[in-house]
Amino acid sequence: MGLIVKEIPVKSVLTKSNLPVADYSVNPYVGCAHGCKYCYASFMKRFANHPEPWGDFVDVKHWPDIKNPKRYAGKELFIGSVTDPYQPLEETARRTRALLEQMQGSGCTVSISTKSDLVLRDLELIKTFPNARVSWSINTLDEAFKADMDCAASIERRLAAMKAFHDAGVRTTCFISPIFPGITDIPAMIRRAREQCNLIWLENLNLRGGYKQAILDYIAEKHPNLVPLYDAIYRKGDRRYWAALDDQMRRFCQEEDLLYVRNDDSIRRPFHAPPIVVNYFFHEEIIPSAKKKRNKPAPVVFE
Ligand code: SF4
């Protein structure tokens, strides 16, 4: 069955955000054709009126012209919290581009999250926003594993797009997420991306909702040797794997001369300094001091 596309009118595309990293979240689409097997957005209530499987439908949002965009000056817009703003449909629907055109010159900051290289089309436009940032989620260098998990652009295309933005002077983030225990090779990925990004975020695989069993079945089929580890983490709630990985990453970053932080350090960095590695594991459970600080993002400033 092909993708089911609907055009929907909405009152506004800007939503006040509870996310620690932004003032507003912006999702020009409902649903996402990338259909990642581990997509946390897939079980959200707002999709309840869609009987189709996640990945098979996309609603295209149409909003009225944004009145007085300048009132968003100094605010951060996070584009793509529950959809990919550069999924294939954007090539023709151009709703993400429309949003950027409406906000251009307003003085707001944009932070864009994608798994696509279609964002290259809008590089010149994105560059006009102060302190723009684009992040690519990548959790493997193995294209076969990637193909098992999502329908998005290849890893090499994502990395090439990241490099093009970094070369153009736009801040880039390599978002290593979700980290699959025993599968995601974080050191290899950091070595591959370190010359072309400003931040490296690490986020563990979280299994919730309906996709938990699908992922566990996949592991049983393709990586049977990892079943005991996944059982321990995702059925028994054992967090020791993440604590050990945290230690391992701290040592690795020391050896590689990279700054390794959690989410609470205030840092000023020149644009071409090596990237900062930020750990977003189960903070509140592994790190006692993190609970009260977890709403505070790392205020990294690039000069
Ligand atoms: S790209 Fe993001 S929003 Fe789209 S399916 Fe994958 S995880 Fe979900």
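Just so we're clear, the structure is a prediction, and the values are computed from it rather than from any experiment.

### Regarding the overall build of the protein chain
Inference 1: On a plain count of helices and strands, the protein chain comes out with ten helices and 14 strands.
Inference 2: Counting every position in the protein chain, which comprises 303 residues, the buried fraction comes to 34%.
Inference 3: Partitioning the contacts of the protein chain with sequence separation of at least 6, the portion at a separation of at least 24 is 75%.

### Notes on the nonpolar core
Inference 1: By size, the foremost hydrophobic cluster in this structure holds 48 residues, and its most contacted members are Cys-174, Ile-176, Ile-200 and Leu-202.
Inference 2: Of all the elements, helix 5 (residues 155-167) adds the most residues to this core, at five residues.
Inference 3: Aside from chain neighbours lying at most four places away, what touches Leu-202 is Ile-176, Ile-179, Ile-186, Met-249, Val-277, Val-278, Asn-279, Tyr-280 and Phe-281.
Inference 4: The next biggest cluster of nonpolar side chains, apart from the first, holds eleven residues, and it includes Cys-32, Cys-36, Cys-39 and Met-149.

### Some thoughts on unusual backbone geometry
Inference 1: In this model, Ser-177 is joined to Pro-178 through a cis peptide bond whose omega is -15°.
Inference 2: Residue Asn-68 is not a glycine yet carries a positive backbone phi of 50°.
Inference 3: With respect to the helices, strands and loops of the structure, Asn-68 is situated in the loop between strand 5 (57-62) and strand 6 (76-79).
Inference 4: A count of 7 C-beta atoms within 10 Å places Asn-68 in the exposed class.

### Brief notes about the site of the ligand
Inference 1: Around the ligand, the surrounding shell consists of Cys-32, His-34, Gly-35, Cys-36, Cys-39, Ala-41, Val-82, Thr-83, Asp-84, Lys-115, Asp-150 and Ala-152.
Inference 2: Here the residues of the shell around the ligand are counted per class, giving six nonpolar, three polar and three charged.

### Some points on the pairing of strand 8 (residues 133-138)
Inference 1: By the criterion of burial, strand 8 is predominantly enclosed, with six of the six residues buried.
Inference 2: Relative to strand 8, strand 7 (residues 109-114) runs parallel, the two being bridged by four bridges. Across the sheet, Ile-112 pairs through a bridge with Val-134, a residue of strand 8.
Inference 3: Here strand 8 runs beside strand 9 (residues 171-179); their pairing, made up of six bridges, is parallel.

### Digging into the packing of helix 7 (residues 211-222) against helix 8 (residues 227-234)
Inference 1: Interhelical geometry of helix 7 versus helix 8 gives an angle of 160° and a closest axis separation of 9 Å. In terms of orientation, helix 7 and helix 8 fall into the roughly antiparallel class. Where helix 7 crosses over helix 8, the handedness of that crossing is right-handed. For the pair helix 7 and helix 8, the contacting residues are Lys-212, Leu-216, Ile-219 and Ala-220 in the first and Val-227, Tyr-230 and Tyr-234 in the second.
Inference 2: Here the residues of the contact of helix 7 with helix 8 sort into six nonpolar, no polar and one charged.

### As for the environment of Phe-57
Inference 1: Mapping Phe-57 onto the fold places it in strand 5.
Inference 2: The spacing of Phe-57 and Cys-32 is 25 residues in sequence and 7.1 Å in space, taken between C-alpha atoms.
Inference 3: Sequence-distant contacts of Phe-57, defined by excluding residues within four places in its chain, comprise Ile-4, Gly-31, His-50 and Glu-52.

### Thoughts on the sheet that holds strand 4 (residues 29-30)
Inference 1: The sheet built from three strands is open, its strands ordered 1-5-4 with mixed pairing. Only two strands of the sheet have a single partner each, and these edge strands are strand 1 (4-9) and strand 4.

### Digging into the environment of Leu-205
Inference 1: Within the secondary structure layout, Leu-205 lies in the loop between strand 10 (199-204) and helix 7.
Inference 2: A count of 18 C-beta atoms within 10 Å places Leu-205 in the partly exposed class.
Inference 3: Those residues in contact with Leu-205 that lie beyond four places of it in its chain are Tyr-38, Pro-178, Ile-179, Phe-180 and Pro-181.

### Structural notes on the environment of Ser-177
Inference 1: As for its position among the elements, Ser-177 is in strand 9.
Inference 2: Apart from the residues within four sequence positions on either side, Ser-177 is in contact with Ser-137, Asn-139, Trp-201 and Glu-203.

### Some words on the pairing of strand 13 (residues 276-279)
Inference 1: Alternating residues of strand 13 divide into Ile-276 and Val-278 and Val-277 and Asn-279, and every residue in both groups is buried.
Inference 2: Where strand 10 and strand 13 come together, four bridges link them in parallel fashion. Looking at the pairing, Ile-200 lines up with Val-277 of strand 13.

### Description of the sheet that holds strand 7
Sheets are built from strands that pair by backbone hydrogen bonding, the pairs being arranged parallel or antiparallel.
Inference 1: Spatially, the nine strands line up as an open sheet ordered 2-3-6-7-8-9-10-13-11, and their pairing is mixed. The sheet terminates laterally at strand 2 (14-16) and strand 11 (259-261), the two strands that pair on one side only. On average, each strand axis in the sheet is tilted by 25° relative to the strand beside it, whichever way the strands run.

Quick notes on the rules
- Residues numbered from 1 in each chain as written.
- Predicted model: local features only at pLDDT ≥ 70, side-chain atom pairs only at ≥ 80, totals over all residues.
- Helix = DSSP H or I, 4+ residues; strand = E, 2+ residues; numbered from the N terminus.
- Buried ≥ 20, exposed ≤ 12 C-beta atoms within 10 Å, placed from the backbone.
- Contact = placed C-beta atoms within 7 Å.
- Core = buried A, V, L, I, M, F, W, Y, C linked by C-beta atoms within 7 Å.
- Near = placed C-beta within 6 Å.
- Nonpolar A, V, L, I, M, F, W, Y, C, P; charged D, E, K, R; others polar.
- Pairing = 2+ DSSP bridges.
- Axes fitted to C-alpha atoms, helices over the stretch in contact; angles between N-to-C directions.
- Parallel < 35°, antiparallel > 145°, perpendicular 65-115°, else oblique.
- Left-handed = near helix turned anticlockwise from the far one by under 90°.

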